[in-house]
Amino acid sequence: MIADIVRDSLHENYDHSLYLSLGQQWPDGFLVAADALGRPIGFLLGVMQVDREGRILMFAVDRDHRARGVGTQLMQAFLDRCRTQGLRRVTLEVRVSNATAIRFYTDFRFSVVDLLRTYYSDGEDGYQMARDTA
Ligand SMILES: CC(C)(COP(=O)(O)OP(=O)(O)OC[C@H]1O[C@@H](n2cnc3c(N)ncnc32)[C@H](O)[C@@H]1OP(=O)(O)O)[C@@H](O)C(=O)NCCC(=O)NCCS
């Protein structure tokens with residue numbers, strides 16, 4: 001289940017209704033990757049914001065399925081959907097300690113645009129990263 005991936009990968013425990021309501025805002029912005037049996041192995045949840053901006057709220061791949069291109073597929077599909085939707089820019093937040101994710105995003109041409117002090121509930125700083133959809 002997606003909630004299991006979130007708990008293990010993002011160390012958060014959200015109520016199920018949160019996924020439903022966020023997914024309803026822009027159904028095409030909620031992408032799920034599944035294994036051959038249809039079980040979720042990764043997902044990306046994005047929303048639309050003002051000024052034709054997309055924002056990635058959650059993005060994780062199950063740890064047993066990482067480094068096999070699942071995250072790349074999800075990100076490519078999400079950027080395609082942003083373009084289809086006419087969005088011009090995508091933003092996200094990431095922990096400053098999350099070197100793997102920062103490298104992943106940098107490979108996707110995201111760059112750091114802001115330092116968000118004590119952004120996370122445990123006090124860690126975050127980076128805001130962004131890229132154009134073009
Ligand atoms: C970030 C994340 C979603 C990437 O998903 P993934 O399916 O592993 O990504 P891919 O297999 O498509 O990897 C693409 C690139 O990411 C980088 N990468 C992925 N795993 C890596 C690792 N363990 N070490 C270093 N770089 C890595 C590489 O640049 C890789 O390119 P390569 O395959 O040509 O070497 C995944 O690592 C994850 O779920 N992390 C935990 C949750 C998280 O941090 N989410 C982001 C919060 S903002």
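Shown above is the structure to which this text applies.
We now turn to the structure provided with this report. Since we're looking at a predicted model, the values are computed, not measured. All chains use their own residue numbering, which begins from 1 and follows the written sequence. The model is predicted, so local features are restricted to residues of pLDDT at least 70 and side-chain atom pairs to those at 80 or more, both for listing and for counting; the totals for chains, interfaces and linings are taken over all residues.

1. Observations regarding the sheet that holds strand β2 (residues 40–49)
Here is the rule we go by: DSSP calls a pair of strands paired once it identifies at least 2 bridges connecting them. Strands are runs of DSSP state E lasting at least two residues, helices are runs of H or I lasting at least four, and both sets are numbered from the N terminus onward. For every element, the axis is a line fit to its C-alpha atoms; helices are fit only across the contacting stretch, and the angle between N-to-C directions ranges from 0 to 180 degrees.
Pairing is mixed across the open sheet formed by 6 strands, whose spatial order is β1-β2-β3-β4-β6-β5. With one partner strand each, in any of the chains shown, β1 (30–34) and β5 (111–116) form the two edges of the open sheet. Shown here is a sheet whose adjacent strand axes are inclined to one another by a mean of 25°, direction ignored. In this structure, strand β4 (residues 89–95) lies alongside strand β6 (residues 126–132), joined through 7 bridges in antiparallel fashion. Paired with Thr-91 across the two strands is Ala-130, which belongs to β6.

2. What to know about unusual backbone geometry
Convention followed: Each residue is classified by how many other C-beta atoms fall within 10 Å of its C-beta atom, where C-beta atoms are placed from the backbone; a count of 20 or more means buried, 12 or fewer means exposed, and values in between mean partly exposed.
You will see that His-11, though not glycine, has its phi angle at about 55°, which is positive. Within the element layout of this structure, His-11 appears in the loop between α1 (2–10) and α2 (16–25). The backbone of Arg-109 shows a phi angle near 65°, a positive value even though the residue is not glycine. By the C-beta count within 10 Å, which is 11 here, Arg-109 ends up exposed.

3. Re the nonpolar core
We apply this condition: The nonpolar core is taken to be a set of buried Ala, Val, Leu, Ile, Met, Phe, Trp, Tyr and Cys residues joined by way of C-beta atoms within 7 Å. Residues are defined as contacting one another if the C-beta atoms placed from their backbone atoms lie within 7 Å.
Residues Leu-44, Ala-60 and Met-129 are the most contacted members of the largest nonpolar core, which totals 22 residues. Examining the composition of this core, we find that 5 residues originate from one element, strand β3 (residues 53–61), more than from any other. Residues contacting Leu-44, with those up to four places away along its chain left out, are Leu-31, Ile-56, Phe-59, Leu-74, Met-75 and Phe-78.

4. What to know about the environment of Ile-102
With respect to the helices and strands, the residue Ile-102 is situated in helix α4 (residues 99–107). We classify Ile-102 as partly exposed; it has 17 C-beta atoms within 10 Å. Between the C-alpha atoms of Ile-102 and Tyr-127, which are 25 residues apart in sequence, the distance is 9.0 Å.

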